[in-house]
Amino acid sequence: MNKQIITGLIGLCGVGLGLGAQAAEQSVMSAKPPMQIAHAGHDHGAKPNAHAAHGDTSGAVASDAVASEMANATTSTTLKVSGCWIRSMPAPAPSGGYFVVSNSGSKPLHLKGASSADYGMVMLHQTTHKDGMSRMSATHSVAIPAGGQLEFKPGAYHAMLEDPIKAHPVGSKIVMDFLFDNGEKASAECEVKPANTRTPMPH
Ligand SMILES: [Cu+2]
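The rules behind each value
Residues numbered from 1 in each chain as written. Predicted model: local features only at pLDDT ≥ 70, side-chain atom pairs only at ≥ 80, totals over all residues. Heavy atoms only, no water. Helix = DSSP H or I, 4+ residues; strand = E, 2+ residues; numbered from the N terminus. Buried < 20%, exposed > 50% of the residue type's maximum accessible area, 1.4 Å probe, protein only. Donors = N, O, S within 2.8 Å, 3.2 Å for Na, K, Ca; no water. Tetrahedral: all angles 85-135°; square planar, octahedral: opposite > 155°, others 65-115°. Disulfide = S-S within 2.5 Å. Phe/Tyr/Trp six-rings, centres within 6.5 Å; stacked < 30°, edge-to-face > 60°.

A. Spotlight on the environment of A138. Positionally, A138 belongs in strand β6 (residues 133–138). With a relative accessible area of 11%, A138 lands in the buried category. Between the alpha carbons of A138 and M160 there is a distance of 9.3 Å; along the sequence they are 22 residues apart.

Laid out in structure tokens, this is it:
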């Protein structure tokens, strides 16, 4: 993973955005297969083969599994997704999706995945910061505390929306569905915002 690609990944995750990051993103997109994105986020050092095995489950296969489970899921009465927005990026660059998941139930639950009819693939990502570097990795289980909430935001957990079905101009609304490990789902309407949208500092 060379420095240019890592810079691009940071841009994808919304930590830093600019024309330079967008240009680097193009090199990420041409560096398929997508498992390289998941690979970038792992830091196990001495186990490259374990990375590859994990990466195989992180892309389109996992996305298909989410889609079929989503179809069978019932709409939750205790899990809600609010404040959803999507950072507009020109295709074929992936766009980041940010939102707050709240759980008014008495048990902690996990977000397993997300999907949208407007995108070919939606993945859950986590950005981590270590030794002055930001990395992102695919994740399939994000804990939502009982009676609490978790914010998906730039520089932290986020959704990555890939393969847009059509152009999504700034101001348009996109429906995203979210799948949880109790077999329930939630939907949110997400507003498309400009690429340079700034977010408040973590609080
Ligand atoms: Cu990401």
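This is not the end of the story, as more comes after the structure.
B. Structural detail: the coordination of the copper ion. The copper ion binds to the protein through H125 (ND1), M136 (SD), H158 (NE2) and M160 (SD), with metal-donor distances spanning 2.1 to 2.7 Å. The coordination sphere of the copper ion comprises 4 donor atoms, whose angles at the metal cover 85 to 121°; the geometry is irregular. Mapped onto the sequence, the donors of the copper ion take the spacing H-x10-M-x21-H-x1-M. Of this pair, H125 sits in strand β5 (residues 119–130) while M136 sits in strand β6, and the two are 11 residues apart along the sequence. You'll find H125 and M136 in the same group, each marked buried.

C. Quick peek at unusual backbone geometry. In the Ramachandran plot, D131 falls in the positive-phi region, its phi being about 50° despite a non-glycine side chain. Note on placement: D131 falls in the loop between β5 and β6. A relative accessible area of 70% places D131 in the exposed class. With a phi angle near 55°, D163 is a residue other than glycine that sits in the positive phi range.

D. Region of the structure containing the state of the cysteines. Counting across every chain of the model gives 1 disulfide. With its sulfur 2.1 Å from that of its partner, C84 forms a disulfide with C190. Looking along the S-S bond of the C84-C190 disulfide, the torsion reads about 85°, which is the right-handed sense. Of this pair, C84 sits in strand β2 (residues 79–87) while C190 sits in strand β11 (residues 184–193); the two residues are 106 residues apart in sequence, bridging distant segments of the chain. Here the two residues C84 and C190 agree in accessibility, since each one is buried.

E. Looking closely at the packing of aromatic side chains. Summed over all chains, the structure comprises 4 aromatic pairs. With centroids separated by 5.7 Å and ring planes inclined at 45°, the aromatic side chains of F152 and Y157 adopt a geometry described as tilted. Here F152 falls in the buried class, since its relative accessible area comes to 1%. Its relative accessible area of 21% is what places Y157 among the partly exposed residues. Following the ring pairs from residue to residue traces out a cluster consisting of F99, F152, Y157 and F178.

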